[in-house]
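Examining the three-dimensional arrangement
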Amino acid sequence: HLLHSAAVLHVARGQLLHVLVAASVEHMDRFGAFEVLGFLDAAALLQREADQPTPADFMEKDGPPPSGVGEQALRASLERLQVLMPSLDDENLLHFVHLLRAMRLPEGSPSAIYQEAADRGLME
């Protein structure tokens with residue numbers, strides 16, 4: 001929740017970003033679908049923030065990385081989502097699919113999630 005709030009408020013940078021991501025990854029194995037969705041949504045917000053050009057006088061070397069939260073953290077959240085997939089109803093799975101399609105993800109990492117959605121007849 002804290003990472004998502006910091007991302008929404010555009011204050012997730014530097015040491016704060018690193019601490020919040022590290023704490024999230026440390027507890028990822030206990031995240032439910034709601035927490036994973038919040039983490040991935042924060043990553044998506046941070047990816048968009050990293051894509052925005054910043055004025056030269058406001059350049060911050062400690063802004064979000066291009067992946068938003070770091071590739072290792074993204075992979076951990078996607079692995080957790082795969083564990084949770086059997087418990088997701090179709091509507092929740094579609095929320096994840098739409099969010100993941102709007103993000104930059106490590107190559108091949110969401111394939112099992114997309115396959116599950118396709119197997120359920122949810123993919124266009």
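Up top you'll find the structure we're talking about.
Structure report, in brief. In this text the structure is predicted, and so the values were computed from the model without any measurement.

Structurally, A23 can be placed in helix α2 (residues 14–27). Between the alpha carbons of A23 and Y114 there is a distance of 27 Å; along the sequence they are 91 residues apart.

Here we take up the nonpolar core. Within the largest apolar cluster, 35 residues are counted, with the highest numbers of intra-cluster contacts made by L3, L40, V69, L81, L100, M103 and I113. For this core, the secondary structure elements donating two or more residues are α1 (2–8), α2, α3 (33–51), α4 (71–84), α5 (90–101) and α6 (111–119). Broken down by element, this core gets its largest block of residues, 7 residues, from α3. Leaving out residues up to four positions away in the same chain, M103 has contacts with L40, A43, A44, Q47 and L74.

Let us look at α4. Between the first and last C-alpha of α4 there are 20 Å, a value that for 14 residues agrees with the 20 Å anticipated at 1.5 Å per step. Among all positions of α4, only A73, L74, A76, S77, L78, R80, L81 and L84 are buried. Each element contacted by the buried residues of α4 is listed here: α2, α3, α5 and α6.

This part covers the environment of A33. Tracing the backbone through its elements, the reader meets A33 in helix α3. In this structure A33 comes out as partly exposed when scored by relative accessible area, which is 25%. In this structure, the C-alpha to C-alpha distance between A33 and M85, residues 52 residues apart in sequence, is 8.6 Å. If sequence neighbours within four positions are ignored, A33 has contacts with L84, L88 and F96.

What counts and what doesn't
- Residues numbered from 1 in each chain as written.
- Predicted model: local features only at pLDDT ≥ 70, side-chain atom pairs only at ≥ 80, totals over all residues.
- Heavy atoms only, no water.
- Helix = DSSP H or I, 4+ residues; strand = E, 2+ residues; numbered from the N terminus.
- Core = buried A, V, L, I, M, F, W, Y, C linked by side-chain atoms within 4.5 Å.
- Buried < 20%, exposed > 50% of the residue type's maximum accessible area, 1.4 Å probe, protein only.
- Contact = heavy atoms within 4.5 Å.
- Expected span 1.5 Å × (residues − 1).

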